[in-house]
Amino acid sequence: MRFSKAFIPTLKEVPADAQVASHVFMVRGGYIRKVAAGIYNFLPLGWRVIKRIEDIVREEMDRADAQEILMPASIPAELWQETGRWKKYGPELLRFKDRKGADFCFGPTHEEVVVDLVRRETKSYRELPLNLYQIQGKFRDEMRPRAGLMRGREFIMKDAYSFDVDVEAAAISYKKMYEAYKRIFKRCGLDFRPVEADSGAIGGSQSHEFQVLAESGEDSIVACDTCEYAANVEEAEHRAPKQPGIMGEGELETVDTPGTKTIAEVSEFLKVAPTQLIKSLVYVADDKPVMVLLRGDRSLNEVALKKITGATELFLARDGQVKKAIGVKPGFAGPVGVSIPVYADVELKGATGAIVGANEKDKHLRNVDLARDVKVTEFLCLRAAEEGDGCARCEGHYKSYRGIEVGHVFSLGTVYSEPMGCTFLDEGGKSKTMVMGCYGIGITRIAASAIEQNHDESGIIWPMSIAPYEVTVLPLQVKDDDVVAAAEKLYSELQDLGVEVLLDDRKERPGAKFKDADLIGIPLRIAVGKRTLGEGKLELKWRRDAEASNIDLDGAAEAIAALISSEKQALRAR
RNA sequence: CGGGGCGUAGCGCAGUCUGGUAGCGCACCUGGUUUGGGACCAGGGAGUCGGAGGUUCGAAUCCUCUCGCCCCGACCA
């Protein structure tokens with residue numbers, strides 16, 4: 001492609017609504033333009049990146065025996081009513097009516113449609129396993145779209161659905177997808193971790209998120225420094241401590257703590273560390289109040305509490321509900337003498353000398369001995385994991401990271417196949433329900449996360465595998481015939497070798513071309529200038545490196561093509 | 001959905017408090033000089049001041065309503 005003919009509107013200034021690197025550079029580099037909140041145009045460069053990512057995903061999905069189909073974006077409400085999601089899915093589901101007034105939605109995910117397809121066409125165990133996938137625009141009316149392509153409302157997703165005869169077979173399908181995902185993200189040049197995720201209310205047996213490690217990520221994850229264990233902090237288990245988290249001595253006493261409602265205020269007022277306090281939280285689990293005890297500086301792992309209580313709906317109690325349950329508003333709530341179930345974090349087992357709310361306005365209790373003074377229903381691992389905690393699986397310790405979720409694999413069991421009657425006949429002629437899995441990849445989010453992970457102050461640094469072009473050729477003096485001729489020759493030779501090349505033939509000064517090249521982030525840059533041309537050389541620079549080097553003009557195209565293909569091989573082999 | 005902020009030329013912003021000819025930088029067009037890290041000079045085109053209503057002799061500016069966008073939070077197969 002010739003830059004002079006290309007639709008690549010680059011910007012010098014940072015758009016006011018962009019905060020994160022991927023958003024800033026994709027707008028400045030002429031990759032995307034906003035149409036509405038969370039909805040974007042993909043310009044030629046942006047679309048080339050998406051297509052390259054899609055190609056990698058297709059290759060690996062096909063290799064894992066999945067078959068590509070395309071389902072509609074518009075889905076009739078009847079299908080969603082069958083599974084009850086028409087009611088359950090909130091305002092995030094974009095609903096609309098056709099001219100006859102029939103309800104439709106713009107599919108945010110396609111379980112219903114694919115199950116409907118498979119239940120009609122697949123009748124025998126001989127046809128299973130079956131794995132169908134599509135790459136398609138999805139719409140989710142997010143409350144708060146943000147950060148460009150990182151969290152959009154309309155976005156491109158690869159979604160796959162597996163159908164198996166039983167749980168064991170489904171586990172094999174799951175594993176195949178898990179392995180395919182690892183290959184996909186590696187080939188995209190991403191530094192990622194598969195992490196254990198909440199399989200929660202949906203009921204499946206397992207679930208993994210694929211998280212790209214990046215400071216700007218929305219998710220918090222912990223990963224063991226010794227073994228392979230990594231998990232979303234919403235979900236992470238951790239090793240119980242050997243010693244109680246709070247120790248002290250003294251007589252149980254009531255102290256006045258006027259107006260101190262938060263942990264910080266109480267610790268400030270009593271001149272003790274927050275670690276000497278016990279945080280008493282009242283939650284409502286399916287309409288029943290429960291109390292949770294944590295050390296003052298910890299936070300709750302809500303998923304763990306959900307599992308323990310078996311509740312499908314769980315939320316922090318409002319002031320009035322707390323008052324009703326234990327007779328005092330939050331701020332002075334405590335576990336001594338309450339009649340609702342009390343779940344304490346294991347860290348508090350054997351705790352003495354703790355400070356808790358007195359269940360009386362403006363009063364706290366000091367020197368509480370949990371064993372002596374509190375009726376604890378159960379000690380459990382309840383707090384959210386933090387950096388430095390002991391690993392649940394080995395003797396290692398956790399490091400914490402921020403992550404961007406680019407993929408999610410999920411075993412669904414029969415959650416959809418059961419209500420929709422997706423069955424088959426087994427060898428004995430008996431009707432059975434298919435066991436499913438679903439597997440998503442955020443195609444557009446991969447593009448954003450690749451930039452989050454690979455950029456500097458000047459712009460993007462694309463991995464070779466997903467870059468819009470593999471090499472850019474810059475003729476530096478457009479009025480010098482020798483320079484132009486050499487650049488044109490190299491350009492056509494590279495094209496003949498099948499290299500994706502962008503020739504910056506614009507009548508710009510060298511500085512402007514360098515700046516745009518850095519911004520756009522094509523991994524290899526060849527500068528054709530009269531300085532080096534006189535010695536029969538071209539200047540070659542990797543976008544990721546600070547220094548350039550010279551290569552011979554003779555055979556340059558072949559040498560460049562070889563560099564590109566070995567770079568791509570390296571990503572595959574990683 | 002709660003809190004905060006912003007809508008003025010394609011982009012970034014000033015002007016709004018204190019009503020009185022709509023501005024600056026970048027980008028764009030023309031001409032000239034420049035040419036290895038976003039050149040310079042001269043000239044030029046471009047804005048229903050988000051929208052509707054109101055107050056006023058007069059509204060970008062004051063009032064009411066509304067729409068859009070951004071940030072924080074809550075939420076999120």
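Residues numbered from 1 in each chain as written. Chains lettered and ligands numbered in written order. Predicted model: local features only at pLDDT ≥ 70, side-chain atom pairs only at ≥ 80, totals over all residues. Heavy atoms only, no water.

**Description of the sheet that holds strand E5 (residues 94-97)**
Put simply, the rule is: For two strands to be treated as a pair, DSSP must find at least two bridges joining them. Helical segments are the DSSP runs of H or I of at least four residues, strand segments are the runs of E of at least two, and each set is numbered from the N terminus. Simply put, an axis is a line fit to the C-alpha atoms, just over the touching stretch for a helix, and the angle between two N-to-C directions goes from 0 to 180 degrees.
The antiparallel open sheet is built from 3 strands, whose spatial order is E4-E6-E5. Each edge of the open sheet is held by one strand with a lone partner, namely strand E4 (74-76) and E5. On average, each strand axis in the sheet is inclined to that of its neighbour by 35°, with strand direction left out of account. Across 4 bridges, the pairing between E5 and strand E6 (residues 103-106) is antiparallel.

**What to know about the sheet that holds strand E19 (residues 363-368)**
Taken in spatial order, the 3 strands make up an open sheet running E13-E19-E18, and their pairing is antiparallel. Edge positions in the sheet fall to strand E13 (253-256) and strand E18 (354-360), since each has one partner strand and no second. The mean inter-strand angle of the sheet, taken between neighbouring strand axes irrespective of direction, is 35°. Relative to E19, E18 runs antiparallel, the two being bridged by 4 bridges. Each bridged residue has a counterpart across the sheet, and for Ala354 the counterpart in E19 is Val368.

**What about the side chain of Thr532?**
The condition that has to hold: Accessibility here uses a 1.4 Å probe with only protein chains present; expressed as a share of the type maximum, an area under 20% marks a residue as buried, one over 50% as exposed, and anything in between as partly exposed. Any two residues whose heavy atoms approach within 4.5 Å at even a single point are treated as in contact.
Structurally, Thr532 can be placed in helix H14 (residues 530-533). Exposure remark for Thr532: the relative accessible area of 15% places this residue in the buried category. Apart from the residues lying within four places of it in its own chain, the contact partners of Thr532 are Lys537, Leu538, Glu539 and Asn550.

**Details of the packing of aromatic side chains**
For the record, the criterion: Two aromatic rings from Phe, Tyr or Trp, using only the six-membered ring of Trp, form a pair when their centres are within 6.5 Å; if the ring planes differ by under 30 degrees the pair is stacked, by over 60 it is edge-to-face, and anything between is tilted. Two conditions define a charge sitting above a ring: the NZ of Lys or the CZ of Arg must be within 6 Å of the ring centre, and it must be within 35 degrees of the ring normal.
Evaluated as defined, the whole model comprises 13 aromatic pairs. Judged by centre distance (6.1 Å) and plane angle (15°), the rings of Phe96 and Phe104 are stacked. Both rings, one in Phe106 and one in Phe139, keep their centres 5.7 Å apart while their planes meet at 50°; by these two values the pair is tilted. Of this pair, Phe106 sits in strand E6 while Phe139 sits in strand E7 (residues 130-139), placing them 33 residues apart in sequence. Residue classification places Phe139 among the buried residues on the basis of a relative accessible area of 7%. Cluster of aromatic residues (ring-pair linked, three or more members): Tyr178, Tyr181, Phe185, Phe192 and Phe210. Positioned over the ring face of Trp80 is Arg85, at 4.7 Å from the centre of the ring.

**Here's the deal with unusual backbone geometry**
Following Leu128, the chain continues into Pro129 via a peptide bond in cis, with omega recorded as 5°. Along the chain, Pro129 falls in the loop between helix H5 (111-121) and E7. Phi angles above zero are rare outside glycine, and Asp65 is one such case at about 70°. Phi angles above zero are rare outside glycine, and Ala147 is one such case at about 55°. One can find Ala147 in the loop between E7 and strand E8 (154-164).

**Let's talk about the domain arrangement of chain A**
Reports of interface size often rely on the accessible area that becomes lost once the parts have come together. What counts, and what does not: Domain ranges listed in this record stem from an automatic or a database domain assignment. Buried surface area refers to the total accessible area, computed with a probe of radius 1.4 Å, that the two partners give up upon joining, counted for both partners together. For salt bridges, the criterion is a side-chain nitrogen of Lys or Arg within 4 Å of an Asp or Glu carboxyl oxygen. Polar contacts here mean pairs of N or O atoms no more than 3.5 Å apart (in protein, one a potential hydrogen donor and the other a potential acceptor; neighbouring residues in sequence count only if both atoms are side-chain atoms). Amino acids outside the nonpolar list (Ala, Val, Leu, Ile, Met, Phe, Trp, Tyr, Cys, Pro) and the charged list (Asp, Glu, Lys, Arg) are all regarded as polar, and Gly is one of them.
Assigned domains within chain A: domain 1 (17-237 + 400-452), domain 2 (253-380) and domain 3 (469-573). Of note, the centres of domain 1 and domain 3, computed from C-alpha atoms alone, are 38 Å apart. With 11 residues of domain 1 at the interface, the matching set in domain 3 holds 8 residues. Interface area, domain 1 with domain 3, both sides summed: about 940 Å², of which 53% is carbon and sulfur. On the domain 1 side of the interface with domain 3, the three residues burying the most area are Arg48, Arg52 and Arg187, jointly 48% of the side's total. Applying the counting rule to domain 1 against domain 3 returns 3 salt bridges. As a salt-bridge pair, Arg48 and Glu500 come within 2.4 Å of each other at their nearest N and O atoms. Here domain 1 and domain 3 share 4 residue pairs in polar contact (both at pLDDT 80 or more) between them. Those elements that place two or more of their residues in the side of domain 1 that touches domain 3 are helix H1 (21-28), helix H2 (44-63) and helix H6 (167-187). Of the residues forming the side of domain 1 that touches domain 3, the biggest block, 4 residues, is contributed by H2. For the side of domain 1 that touches domain 3, a count of residues per class yields 3 nonpolar, 2 polar and 6 charged.

**Comments concerning the protein's contact with RNA strand B**
Keep this limit in mind: For this purpose, a residue is taken to be near a molecule or strand whenever a single non-hydrogen atom of the residue falls within 4 Å of it.
Residues in close proximity to RNA strand B total 36 residues, the closest being Arg144, Met157, Asp518, Arg531 and Glu539. Considering RNA strand B, the proportion of its atoms within 4 Å of the protein that are sugar or phosphate atoms stands at 43%. Here a base oxygen of RNA strand B sits 2.9 Å away from a polar atom, N or O, in the side chain of Arg28. Here a base nitrogen of RNA strand B sits 3.1 Å away from a polar atom, N or O, in the side chain of Gln477. When the residues that make up the surface near RNA strand B are grouped by side-chain class, the tally is 12 nonpolar, 7 polar and 17 charged.

**Things to note about the packing of helix H12 (residues 481-496) against helix H15 (residues 556-573)**
To keep things clear, this is the line we draw: The labels follow the angle: roughly parallel below 35 degrees, roughly antiparallel above 145, roughly perpendicular from 65 to 115, and oblique for the rest. In this scheme, a crossing is called left-handed if the near helix is turned counterclockwise away from the far one by less than a right angle; it is called right-handed if the turn is clockwise.
Where H12 meets H15, the closest approach of the two axes is 9 Å, and the angle between their N-to-C directions is 50°. Comparing the axis directions of H12 and H15 gives the class oblique. Both H12 and H15 take part in a crossing whose hand is right-handed. Where H12 approaches H15, its residues Leu490, Glu493 and Leu494 are matched on the opposing element by Ala556, Ala557 and Ile560. When its residues are assigned to classes, the contact of H12 with H15 shows 5 nonpolar, no polar and 1 charged.

**With respect to the packing of H2 against H6**
Contact geometry of H2 with H6 gives a least axis separation of 9 Å together with a crossing angle of 155°. In terms of orientation, H2 lies roughly antiparallel with respect to H6. Here H2 and H6 pass one another in a crossing that is right-handed. Seen from H2, the contacting residues are Ile56, Val57, Glu59, Glu60, Met61 and Arg63; seen from H6, they are Met177, Ala180, Tyr181, Arg183, Ile184 and Arg187. When its residues are assigned to classes, the contact of H2 with H6 shows 7 nonpolar, no polar and 5 charged.

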